[in-house]
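What the coordinates show
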Amino acid sequence: QVQLVESGGGLVQAGGSLRLSCAASGRTFSSTAMGWFRRAPGKAREFVASISAGSTYYADSVKGRFTISKDIAKNTVYLQMSSLKPEDTALYYCAIHYSGSYYLSNSYGYWGQGTQVTVSS
């Protein structure tokens, strides 16, 4: 059974950094695209970043501040977040891409439970 487990969230001051991890199990993800999404209180889930075999994709709101990467040996995807802002506060999810646009949540299948990121001003 495929499982995704996010970790690394927490409380950080504006301008700080966090690294989120998404550990995958149940299958090999070396050739599978993965993505990060987030949901802020009272808002819809939104795309943050994704990584395919040779490319990365970012939402405009995080471009230049966040970096997505993958460790194939560990079956883990990371999201390095820097220069954090209060508006980055959200529950962050990772997901497996199946087909379609990397930017749309309905292109993704399995989802983790999420890890909370809170950025104080």
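The structure this text deals with has already been given above.
Below is a summary of the structure that appears in this document. Keep in mind that what you see is a predicted model, and the values were worked out from it rather than measured.

What follows is about the sheet that holds strand S1 (residues 3–7). Read across the sheet, four strands follow the order S1-S3-S8-S7 without closing on themselves; strand pairing throughout is antiparallel. Lying at the two open borders of the sheet, with one neighbouring strand each, are S1 and strand S7 (66–71). With strand direction ignored, the average angle separating the axes of adjacent strands in the sheet is 15 degrees. The pairing of S7 with strand S8 (residues 76–81) spans six bridges and is classified as antiparallel. Residue pairing across strands places serine 69 opposite tyrosine 78, the latter belonging to S8.

To continue, consider the state of the cysteines. Considering all chains together, one arrives at one disulfide under this definition. Note that cysteine 22 is cross-linked by a disulfide to cysteine 94, the S-S spacing being 1.9 Å. An S-S torsion of about 55 degrees defines the bridge between cysteine 22 and cysteine 94 as right-handed. With a gap of 72 residues between them, cysteine 22 in strand S3 (residues 18–25) and cysteine 94 in strand S9 (residues 90–97) connect regions that are remote in the sequence. The same class applies to cysteine 22 and to cysteine 94, which are both buried.

Let's shift gears to the pattern of salt bridges. All chains considered together, the criterion is met by four salt bridges. Here glutamate 46 makes a salt bridge to arginine 38, at a shortest N to O gap of 2.5 Å. On the basis of relative accessible area, glutamate 46 is assigned to the partly exposed category, the value being 34%. Overall, the relative accessible area of 5% leaves arginine 38 in the buried class. Shared partners join several salt bridges into a network, and the residues in it are Arg38, Glu46, Arg65 and Asp88.

What follows concerns the nonpolar core. In terms of nonpolar packing, the biggest core is built from 33 residues, with Trp36, Leu79, Met81 and Tyr92 touching the most fellow members. Broken down by secondary-structure element, the contributors of at least two residues to this core are S3, strand S4 (34–39), strand S5 (46–51), S7, S8, S9 and strand S11 (115–120). Sort the elements by how many residues they give to this core and S9 lands first, with five residues. Not counting residues within four places of it along the chain, the set of residues in contact with tyrosine 92 comprises Glu6, Leu20, Trp36, Phe37, Arg38, Val48, Phe66, Leu79, Met81, Gly114, Thr115 and Val117.

Attention now goes to unusual backbone geometry. Its identity as a non-glycine residue notwithstanding, asparagine 75 has a phi of 55 degrees, on the positive side. Tracing the backbone through its elements, the reader meets asparagine 75 in the loop between S7 and S8. A residue is classified by how much of its surface remains accessible, and asparagine 75, at 16% relative accessible area, is buried. Despite not being glycine, serine 83 has its phi angle at roughly 50 degrees, a positive value. Within the secondary structure, serine 83 is located in the loop between S8 and S9.

Thresholds applied
- Residues numbered from 1 in each chain as written.
- Predicted model: local features only at pLDDT ≥ 70, side-chain atom pairs only at ≥ 80, totals over all residues.
- Heavy atoms only, no water.
- Pairing = 2+ DSSP bridges.
- Helix = DSSP H or I, 4+ residues; strand = E, 2+ residues; numbered from the N terminus.
- Axes fitted to C-alpha atoms, helices over the stretch in contact; angles between N-to-C directions.
- Disulfide = S-S within 2.5 Å.
- Buried < 20%, exposed > 50% of the residue type's maximum accessible area, 1.4 Å probe, protein only.
- Salt bridge = Lys/Arg side-chain N within 4 Å of Asp/Glu carboxyl O.
- Core = buried A, V, L, I, M, F, W, Y, C linked by side-chain atoms within 4.5 Å.
- Contact = heavy atoms within 4.5 Å.

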